[in-house]
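Read off the chains here:
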Amino acid sequence: MAVALPLQTVGSSAETMGLPQVLVVGTKEAPPFAMKDQSGKWTGISIDLWNRVSNQLGLQYRFEETDTVQSLIDGLNEGRYDVAVAAITVTAERERKVDFTTPYFHTGTGVAVQSDRIASWLPVFHSITSYSFLQAIGALLGLALLAGVLIWLFERRSNEGFGGGMIRGLSSGVFWSANAMTQRADASVIPMTLAGRVVAVIWMVVSVIAIAVFTAGITSTLTTKRLHGMVNSAADLSSVRVGVVQGTATEEALMGMRIRYKTVISPQKGFDALKNGSIDALVYDRPILAWMIRRGGLTADLSEVTFEPQDYAIALRRDSPLRKRINVVLLDTQETDSWKEVLFRYLGRTMN
């Protein structure tokens, strides 16, 4: 249920600004910013804000619904709408076609992932077969090989355990260094020379540190992957199947990041695709994803990843006389406790 915002003195009417007596306000469902109940009444953060603006300026209007943000932009550009109110992100491409008010909500792009913990073992498998994991294993084996070769060079003439020809001696040296690295060195085969013992001591100390660092790093990585899924940074999106709502600013952002994606016609269809496994991550405006997961009882988790900062604003026709007047109301509203109450009612927080 929306929170009523206090009204101030009514300003100029539409007639005095050269506008239609009844404005056509385009909108689309984008919970919790624009929502329509069963009776057809519109509510939400953006709708409540527009109600304040219209009352403040003495404007009469009617809502006209459409399906996408792009339809709202096109409708303004073609003269079908006078104003567009929803969760409309300000972008350079849209600014070329329409005018925007000052932003009233600052957010970013979020990532929804599967909450099925069985499916979340898949990123663990991806981690242990990743290039970085293989690099770490290769580094440890390389150190063990180097230590084994040095031991063999110093011990081959004075220690039977490392003698018997190059192949046998080298294999004995590498096997000894590998055992020493795992703290399972055979006490019957030990370095005899001073140089060999120095190498052995250094290798034992280095290997303990290397194993500790490797173990801590891989444990942390696998635990994170197991608990939070495949996407723990924006860079992870390049290695998973990404879904995005078509015609949104998020789609433009993914194209700029050169991340391949599959489009869906709505956030709900995106969650359906996430549930049936046709995508691994749904990328969309973070507050909308959070709202849908929390209120819709969806089997998905919201990743901690946030990227591509976004600003929501009211969209207007080019050179609209409403722009400056609306900006004054928006700036005034954002300083009031009533605006914080609206955000708290819909989002559970008092500021954006």
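Note that the coordinates shown come from a computational prediction; the quantities given were computed from them, not determined experimentally. (Residues numbered from 1 in each chain as written. Predicted model: local features only at pLDDT ≥ 70, side-chain atom pairs only at ≥ 80, totals over all residues. Heavy atoms only, no water.)

So, the side chain of Ser 303
Inspection of the secondary structure puts Ser 303 in strand S11 (residues 300–312). Contact partners of Ser 303, with chain neighbours within four places excluded, come to Val 111, Val 231 and Arg 286. (Helix = DSSP H or I, 4+ residues; strand = E, 2+ residues; numbered from the N terminus. Contact = heavy atoms within 4.5 Å.)

Section: helix H1 (residues 45–57)
For H1, which comprises 13 residues, the first-to-last C-alpha distance of 19 Å matches the rise-based estimate of 18 Å (1.5 Å per residue) to within 8%. With 11 of its 13 residues buried, H1 lies for the most part within the structure. Listed in full, the buried residues belonging to H1 are Ile 45, Ser 46, Ile 47, Asp 48, Leu 49, Trp 50, Arg 52, Val 53, Ser 54, Gln 56 and Leu 57. Those residues of H1 that are buried are in contact with strand S1 (22–27), strand S3 (42–43), strand S4 (60–65), strand S5 (83–84), helix H11 (322–333) and helix H12 (337–347). Once H1 finishes, Gly 58 follows within two positions and takes phi at roughly 70 degrees, a positive value. (Expected span 1.5 Å × (residues − 1). Buried < 20%, exposed > 50% of the residue type's maximum accessible area, 1.4 Å probe, protein only.)

Overview of the packing of H1 against H11
As a packed pair, H1 and H11 sit with axes 10 Å apart at the nearest point and diverge in direction by 120 degrees. What the angle tells us is that H1 and H11 run oblique. Crossing handedness for the pair H1 and H11: right-handed. Along its contact with H1, which presents Leu 49, Trp 50, Arg 52, Val 53, Gln 56 and Leu 57, the element H11 presents Leu 322, Arg 325, Ile 326, Val 329, Leu 330, Asp 332 and Thr 333. Class assignment for the residues of the contact of H1 with H11 results in 8 nonpolar, 2 polar and 3 charged. (Axes fitted to C-alpha atoms, helices over the stretch in contact; angles between N-to-C directions. Parallel < 35°, antiparallel > 145°, perpendicular 65-115°, else oblique. Left-handed = near helix turned anticlockwise from the far one by under 90°. Nonpolar A, V, L, I, M, F, W, Y, C, P; charged D, E, K, R; others polar.)

Thoughts on a nonpolar patch on the surface
Taken together, the side chains of Leu 143, Leu 194, Val 198, Ile 202 and Val 206 present a nonpolar region at the surface, about 440 Å² in accessible area. With respect to the helices and strands, the residue Leu 194 is situated in helix H7 (residues 194–228). (Patch = residues over 30% accessible without salt bridge, like charges linked within 9 Å, V, L, I, M, F, W, Y side chains within 5 Å. Areas by Shrake-Rupley, 256 points an atom, 1.4 Å probe, with all protein chains shown as cover. Salt bridge = Lys/Arg side-chain N within 4 Å of Asp/Glu carboxyl O.)

Description of the sheet that holds strand S12 (residues 315–316)
Pairing is mixed in the open sheet, where 5 strands are placed in the order S4-S1-S5-S12-S6. Sheet topology places S4 and strand S6 (99–100) at the edges, where each strand pairs with a single neighbour. Sheet analysis places S5 next to S12, joined by 2 bridges and oriented antiparallel. What sits directly across from Val 83, in S12, is Leu 316. The sheet contacts of H1 involve S1, S4 and S5, and relative to S4 the element is tilted by about 155 degrees. (Pairing = 2+ DSSP bridges.)

A short note on the pairing of strand S9 (residues 261–264)
Pairing analysis gives 4 bridges linking strand S8 (residues 242–245) to S9, with the strands arranged parallel. Across the sheet, residue Gly 243 finds its bridge partner in S9, namely Lys 262. In the classification by handedness, the crossover that spans S8, the intervening helix H8 (residues 249–256) and the parallel S9 is right-handed. (Right-handed = clockwise from strand over helix to strand, strands pointing away.)

Observations concerning the environment of Ala 200
Here Ala 200 shows up in helix H7. Overall, the relative accessible area of 5% leaves Ala 200 in the buried class. Sequence-wise, Ala 200 and Ile 151 are 49 residues apart; in three dimensions their C-alpha atoms are separated by 7.4 Å. Not counting chain neighbours up to four residues away, the residues in contact with Ala 200 comprise Ile 151, Trp 176 and Pro 191.

What about the pattern of salt bridges?
Oppositely charged side chains can form a pair if their charged atoms are brought close together. Going through the model one piece at a time under the given rule, you end up with 9 salt bridges. Asp 82 is the partner of Arg 317 in a salt bridge, and the nearest nitrogen-oxygen pair spans 3.1 Å. With Arg 317 in the loop between S12 and H11 and Asp 82 in the loop between helix H2 (69–77) and S5, this pair connects stretches of sequence that are 235 residues apart. Residue Arg 317 is classed as partly exposed on the basis of its relative accessible area of 30%.

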